[in-house]
Amino acid sequence: MRTFVLTGGRAQPTGTADELDVLTMVTAVPGKPRTGLQPEDLRVIDLCRGGYLSVIEVAGHLGQPLTITRILLGDLIDSGLLEVKASQKEAGTPATPDPDRLRTLERMLHGLQAL
């Protein structure tokens, strides 16, 4: 029930959240008001204040599944509280997904969640 409350009943990422992959880097936007946010939202913002973190790192710190983390991050990005670092593809460099790297990162996330 807790994750249901965190995501407002959404089980799958949509919009901005759907575009976030595990390596997408996010950071907090300084000077934005933090009123009316859930404790998890505040924690994400605090985590991202020190610089860019990948989506999978945020998920590990929160101890939440990747899907839930993507939904939370998407909401914060849409509300202007977080920003996304331009990917290599957007910067003009072709980015090729590495399936082995993705599997390794997913195993790391599961290991962090098990702690």
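Right above here is the structure, for reference.
Given the structure is predicted, the values throughout are model-derived calculations rather than measurements.

(A) A look at helix α2 (residues 39–48). Taken together, the buried positions of α2 are occupied by Glu40, Asp41, Val44, Ile45 and Cys48. Buried positions in α2, seen along its axis, are confined to an arc of 140 degrees and lie on one side of it.

(B) Representation of the packing of α2 against helix α4 (residues 66–78). Orientation of α2 relative to α4, taken along the N-to-C sense of each, is 75 degrees, at an axis distance of 11 Å. The angle between the axes of α2 and α4 places the two elements in the roughly perpendicular class. Residues Glu40, Asp41, Val44 and Ile45 of α2 form the contact with α4, whose participating residues are Leu72, Leu73 and Leu76. Partitioned by chemical class, the residues of the contact of α2 with α4 number five nonpolar, no polar and two charged.

(C) Representation of the sheet that holds strand β1 (residues 25–28). If you trace the three strands from one edge of the open sheet to the other, you get β2-β1-β3, paired in antiparallel fashion. On the outer flanks of this sheet lie β2 (53–54) and β3 (82–84), each paired with one strand and no other. Taken together, the three bridges between β1 and β3 define a ladder with antiparallel strand orientation. Among the inter-strand pairings, Ala28 is bridged to a residue of β3, identified as Leu82. Most of the contacts of α2 go to β1, to which it runs at about 100 degrees, and overall it touches β1, β2 and β3. Running at roughly 100 degrees to β3, α4 makes contact with β1 and β3 of the sheet.

(D) Focus on the pattern of salt bridges. Inspection of the entire model under this criterion finds two salt bridges. With a shortest N-O distance of 2.7 Å, Asp46 and Arg34 are connected by a salt bridge. Here the residue Asp46 occupies a position in helix α2, and Arg34 occupies one in the loop between β1 and α2, the gap between them amounting to twelve residues. Of the charged contacts, one joins Asp46 and Arg49 as a salt bridge, the two residues approaching to 3.9 Å between their closest N and O atoms. Residue class for Asp46 comes out partly exposed when judged on its relative accessible area of 42%. Each member of the salt-bridge network shares a partner with another, and the members are Arg34, Asp46 and Arg49.

(E) Examining the environment of Leu66 more closely. With respect to the secondary-structure elements, Leu66 resides in helix α4. Distance from Leu66 to His110, taken between C-alpha atoms, is 9.7 Å for residues 44 residues apart in sequence.

(F) Looking closely at the side chain of Asp41. Note that Asp41 resides in helix α2. Discounting chain neighbours no more than four positions away, the residues touching Asp41 are Leu72 and Leu76.

(G) Layout of the packing of helix α3 (residues 55–62) against α4. Following both chains from N to C, one finds α3 and α4 inclined at 110 degrees, their axes separated by 9 Å at the closest point. By the angle class used here, α3 and α4 are roughly perpendicular. Taking contact as the criterion, the partners of Val55, Ile56, Val58, Ala59 and Leu62 in α3 are, on α4, Leu66, Thr69, Arg70, Leu72 and Leu73. In the contact of α3 with α4, the residues fall into eight nonpolar, one polar and one charged.

Cut-offs used in this document
- Residues numbered from 1 in each chain as written.
- Predicted model: local features only at pLDDT ≥ 70, side-chain atom pairs only at ≥ 80, totals over all residues.
- Heavy atoms only, no water.
- Buried < 20%, exposed > 50% of the residue type's maximum accessible area, 1.4 Å probe, protein only.
- Helix = DSSP H or I, 4+ residues; strand = E, 2+ residues; numbered from the N terminus.
- Arc of directions from axis to C-beta.
- Axes fitted to C-alpha atoms, helices over the stretch in contact; angles between N-to-C directions.
- Parallel < 35°, antiparallel > 145°, perpendicular 65-115°, else oblique.
- Contact = heavy atoms within 4.5 Å.
- Nonpolar A, V, L, I, M, F, W, Y, C, P; charged D, E, K, R; others polar.
- Pairing = 2+ DSSP bridges.
- Salt bridge = Lys/Arg side-chain N within 4 Å of Asp/Glu carboxyl O.

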